[in-house]
Amino acid sequence: MAKTKELSKDTRNKIVDLHQVGKTESAIGKQLGLKKSTVGAIIRKWKTYKTTDNLPRSGAPRKISPRGVKMITRTVSKNPRTTRGDLVNDLQRAGTKVTKPTISNTLRRQGLKSCSARRVPLLKPVHVQARLKFAREHLDDPDEDWENVIWSDETKIELFGKNSTRRVWRTKNAELHPKNTIPTVKHGGGNIMLWGCFSAKGPGRLIRVKERMNGAMYREILSENLLPSARALKMKRGWVFQHDNDPKHTARATKEWLRKKHFKVLEWPSQSPDLNHIENLWRELKVRVAQRQPQNITALEEICMEEWAKIPATVCENLVKTYRKHLTYFIANKGYITKY
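What you see is a predicted model, and the numbers here were worked out from it, not measured in a lab. (Residues numbered from 1 in each chain as written. Predicted model: local features only at pLDDT ≥ 70, side-chain atom pairs only at ≥ 80, totals over all residues. Heavy atoms only, no water.)

## Focus on the environment of Arg-237
- Note that Arg-237 resides in the loop between α9 (215-232) and β8 (240-242).
- For Arg-237, a relative accessible area of 83% translates into the label exposed.
- Sequence separation between Arg-237 and Asn-148 is 89 residues; the distance between their C-alpha atoms is 8.6 Å. (Helix = DSSP H or I, 4+ residues; strand = E, 2+ residues; numbered from the N terminus. Buried < 20%, exposed > 50% of the residue type's maximum accessible area, 1.4 Å probe, protein only.)

Okay, here's the thing in structure tokens:
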């Protein structure tokens, strides 16, 4: 049976007005072109509730009691990796039989949804303290100082591949809480490895690392690309070079090479990719490359170079301008991983 169209508020009020002046339900129905039963229902509703507005619908009763809701919410808050099957079993032992979709709907009403756990660097207490120390020491640095930094890093870009995921229950904006992430340890590999750099004035050089990188190769990359990038970006005198604490970067020979070249190096806390805004550029690059769908390694390399060159200087400038704000948020997050 087709659902009838709901009467407008004006029509319902008109029914009540006609009833109050003494007209019968049949007469009102004929005058307004409505069924007698419809007119009668509106009049009974008005007599009972003194209104013709729609009343709240009760709907079907909840399968899970308020106590059960508290129980499963508390469970996933303590252990976000709890599965729906585990929660179904917990409720069944408590005398409530529900399905997995019911679990999902109930937790969603509590502001929780099932999400893929983010992979982030493994942070030990010493890492957290070093990260906070860096952020606090540099929080009041003027924007001009950050504009005179060349940021660098390596990244891998896969031609094809799919990372395994795990799901966790979390609230909105809690994706980077330690309980909701999967710690990872940094390793090399991938279909192509890239080294690149940028400053507030735009992207610097981007090159493909074709062999397994060691300290000597890293120094060669810097020798051939760092100073040319600084010149192309028209860096001011006394510019600062940033790289992370990868063993190739912190090797004695690399430190000595940088010292002899009179390069100033920004002291950097370990396990802190989220403090390096080049991660935002890598994400930008990977999105652009994926949209072009390269079909082989040669095409992947060519497209990476083309898309890197297309990244606007304004993107780089805005990343550097927001660095102080990023440090403020980082400190508020107590040194744990923040959004890149």
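## Considerations on the packing of helix α4 (residues 66-78) against helix α6 (residues 100-109)
- Following both chains from N to C, one finds α4 and α6 inclined at 80°, their axes separated by 10 Å at the closest point. By the angle class used here, α4 and α6 are roughly perpendicular. Where α4 abuts α6, its residues Val-69, Ile-72, Thr-73 and Val-76 lie against Ile-103, Thr-106 and Leu-107.
- Residue composition of the contact of α4 with α6, by class: 5 nonpolar, 2 polar and no charged. (Axes fitted to C-alpha atoms, helices over the stretch in contact; angles between N-to-C directions. Parallel < 35°, antiparallel > 145°, perpendicular 65-115°, else oblique. Contact = heavy atoms within 4.5 Å. Nonpolar A, V, L, I, M, F, W, Y, C, P; charged D, E, K, R; others polar.)

## Things to note about the packing of aromatic side chains
- A full pass over the atoms with the stated rule returns 8 aromatic pairs.
- Aromatic pair Trp-151 and Trp-268: ring centres 6.2 Å apart, planes at 80°, arrangement edge-to-face. A residue pair is termed long-range when its members are at least 10 positions apart, and Trp-151 in strand β3 (residues 149-157) and Trp-268 in the loop between β9 (264-265) and α12 (278-292) qualify at 117 residues.
- Relative to Phe-263, the ring of Trp-239 has its centre 5.4 Å away and its plane inclined at 40°; by these criteria the two rings are tilted. Note that Trp-239 is positioned in the loop between α9 and β8 and Phe-263 in the loop between α11 (252-260) and β9, a separation of 24 residues in sequence. (Phe/Tyr/Trp six-rings, centres within 6.5 Å; stacked < 30°, edge-to-face > 60°.)

## Looking at the UniProt feature "domain: Transposase Tc1-like" (unreviewed entry) in the protein
- Following the UniProt record, the feature "domain: Transposase Tc1-like" (unreviewed entry) maps to residues 71-140 here.
- Secondary structure across residues 71-140 comprises 60% helix and 11% strand; the distance between its end C-alpha atoms is 45 Å. (UniProt positions renumbered as here; feature names shortened; annotations may be inferred.)

## Concerning the pairing of strand β6 (residues 192-199)
- Of all 8 residues in β6, 8 are buried, a share of seventy percent or more.
- Residues Ile-192, Leu-194, Gly-196 and Phe-198 of β6 are buried on one face, and the alternating residues Met-193, Trp-195, Cys-197 and Ser-199, pointing to the opposite face, are buried as well.
- Here β3 runs beside β6; their pairing, made up of 7 bridges, is antiparallel. Counterpart to Asp-153 in the pairing with β6 is Gly-196.
- Two elements, β6 and strand β7 (residues 202-209), share 6 bridges in a ladder whose sense is antiparallel. Counted as the bridge partner of Phe-198 is Pro-203 from β7.
- Connecting β6 to the next strand, β7, in antiparallel fashion are 2 residues. (Pairing = 2+ DSSP bridges.)

## As for the state of the cysteines
- Under the counting rule described, the total for this entry stands at 0 disulfides.
- As a non-bridged cysteine, Cys-197 has Cys-316 as the owner of its nearest cysteine sulfur, 10 Å distant. (Disulfide = S-S within 2.5 Å.)

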